[in-house]
Amino acid sequence: MSLATAEIRLDERVTKFVKERRKLLIGGQWVDAASGATFPVYNPATGEVIAHAAEGDKQDIDRAVQAARRAFESGGWPRLTPSERGRLVWKLGDLILEHLEELAQLESLDNGKPIGVARAADVPLAADLFHYMAGWATKIEGNTIPLSVPYAPGVKFHAYTLREPVGVVGQIIPWNFPLLMAAWKLGPALATGCTVVLKPAEETPLSALRLGELIQEAGFPDGVVNIITGFGETAGAALAAHPGIDKVAFTGSTEVGKLILQAATNDLKKVSLELGGKSPNVVLRDADLDLAISGTASAIFFNHGQCCCAGSRLFVHESIFDELVGGVADAAKKIKVGPGLDPNTQMGPMVSEIQFNRVCGYLESGLSEGANAVAGGKRLGGEGYFVEPTVLVDTKPDMKVIQEEIFGPVVAAIPFKELDDDLVRAANDTVYGLAAGVWTKDIGKAHSLAGMLKAGTVWINCYNIFDAALPFGGYKQSGWGREMGHDVLDLYTQKKAVCMAL
Ligand code: NDP
């Protein structure tokens, strides 16, 4: 397997954007970190430094929280009607589409993902999320409630509920879909009238910073969205613990999710968490084999396996195991791996050296414990953070590669005999419960299995289907709360009951 190479020419706006030292967005101003510190941003295809961003820390988080508090309580934002707020959110979606190519290039450069994927998925999905959420701004409604208070005979009451924004929200996002994760978080917060301090991942701050400029261009009042780049242990931890924050929304590892929760216990902030996964993808004996081969391959190899919902445990009926796994292995071997900015690339590098080493460490661990690779199994090339798309067989249930989230292009294929309790138990046998896949032509089996899998999303004869209207989130240690759809509005609003004696 060799690396693809011919990269596209970068848009001048992208070249200029990365050349300038990137600052923090606080209260409508682009400012340096109070400490003056910056950190390098790398191109994962080469390991070279492409930009420098301000390294925000506790002091900057404090300034940003104060700006977000001011914007929440006074000024233009709370005075906007829901319709005006919705129009701003819609306009942001439009601006993202207007700048689609520029944002896609930034994303590909910073994260390493194929430019074609950023153009077709990341950027349009981010725009669509804002467009979808814009419609909700005018539909955040309460109820009227008839009362029957037994200890107040004869008294009539008028009771109703209001849904109010939860307040100032701290949002901490990861590097696997940098722009899209910012959209998932910002869209509902803005539609419901909250204000935000956003901390992008240190690996991929660029698209969120460009989004900050578009937020200003859309006309959001100063301080409604503040963006602090920096490190998790400093800026992220300070945000999660800040007493001026009413709610923290986090996407990332389960390990850090638990730290966020601990930090939030001081003042019992609201917390929502979208965490890791080790999702089972189950292929029954009657599945359409061609569809299942391409679908289960893309379930793991999309975004280089750096997806919280990646179908990383592939359960296949023993009667079709060799054919299906052979097909997935062939698909893995054909994937064009290379720099994201090469239009021929189908899979880019791991996002960082740390992530690359983590994935290679899992490969070594699995192979040394007796697993075999029928495709891939090692790093690719000598520079950048490329890993071969890998299919493992002969694994055991207690191996690390079966129990832990690898977050790389590595799938373990596991044969099963019957669609029975043992299969369901094995599929559910991890601490995670984010997503699952089922491949079959039997609709009865498809839906009964969907009911038995402990996962926040079950895809049947498809995988990785995301839509702004479809709620997404985890069972078990995959998280708390649901992103997208109308469910997410519950995370950003609180209900007030008003009761009046007539
Ligand atoms: P993290 O969970 O460390 O990072 C996610 C976000 O949390 C980043 O913005 C990070 O900041 C921030 N963060 C880190 N530590 C703290 C802290 N103590 N307090 C507050 N915020 C913090 O993920 P990693 O990048 O380390 O990836 C590790 C593993 O996590 C992956 O291998 C994968 O298994 C999983 N993961 C899951 C994701 C998902 O979508 N559910 C996404 C990304 C990773 P910074 O990066 O700036 O340090």
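Scoring rules and cut-offs
- Residues numbered from 1 in each chain as written.
- Predicted model: local features only at pLDDT ≥ 70, side-chain atom pairs only at ≥ 80, totals over all residues.
- Heavy atoms only, no water.
- Axes fitted to C-alpha atoms, helices over the stretch in contact; angles between N-to-C directions.
- Helix = DSSP H or I, 4+ residues; strand = E, 2+ residues; numbered from the N terminus.
- Parallel < 35°, antiparallel > 145°, perpendicular 65-115°, else oblique.
- Left-handed = near helix turned anticlockwise from the far one by under 90°.
- Contact = heavy atoms within 4.5 Å.
- Nonpolar A, V, L, I, M, F, W, Y, C, P; charged D, E, K, R; others polar.
- Buried < 20%, exposed > 50% of the residue type's maximum accessible area, 1.4 Å probe, protein only.
- Expected span 1.5 Å × (residues − 1).

**Things to note about the packing of helix α4 (residues 82-98) against helix α6 (residues 115-136)**
Next up, step 1: At their nearest, the axes of α4 and α6 sit 8 Å apart, and the two run at 165° to each other. Accordingly, the angle class assigned to the pair α4 and α6 is roughly antiparallel. Considering how the two elements wind past one another, α4 and α6 form a crossing that is left-handed. Contacts between α4 and α6 involve G86, V89, W90, L92, G93, D94, I96 and L97 on the former and, on the latter, V123, P124, A126, A127, F130, H131, M133 and A134.
Next up, step 2: Broken down by class, the residue content of the contact of α4 with α6 amounts to twelve nonpolar, three polar and one charged.

**Brief notes about the environment of G27**
Next up, step 1: Secondary-structure assignment places G27 in the loop between β1 (24-26) and β2 (29-31).
Next up, step 2: Exposure remark for G27: the relative accessible area of 23% places this residue in the partly exposed category.
Next up, step 3: Look past the residues within four positions of G27 in its chain and what remains in contact with it is A67, D222, G223 and N226.

**Brief notes about helix α5 (residues 100-111)**
Next up, step 1: With twelve residues, α5 extends 16 Å from end C-alpha to end C-alpha; this agrees with the ideal 16 Å at 1.5 Å per step.
Next up, step 2: Where burial is concerned, most of α5 is hidden: ten out of the twelve residues are buried.
Next up, step 3: Taken residue by residue, α5 has E102, L103, A104, Q105, L106, E107, S108, L109, D110 and N111 as its buried positions.
Next up, step 4: Directly after α5, the chain includes G112, whose backbone phi takes a positive value near 95°.

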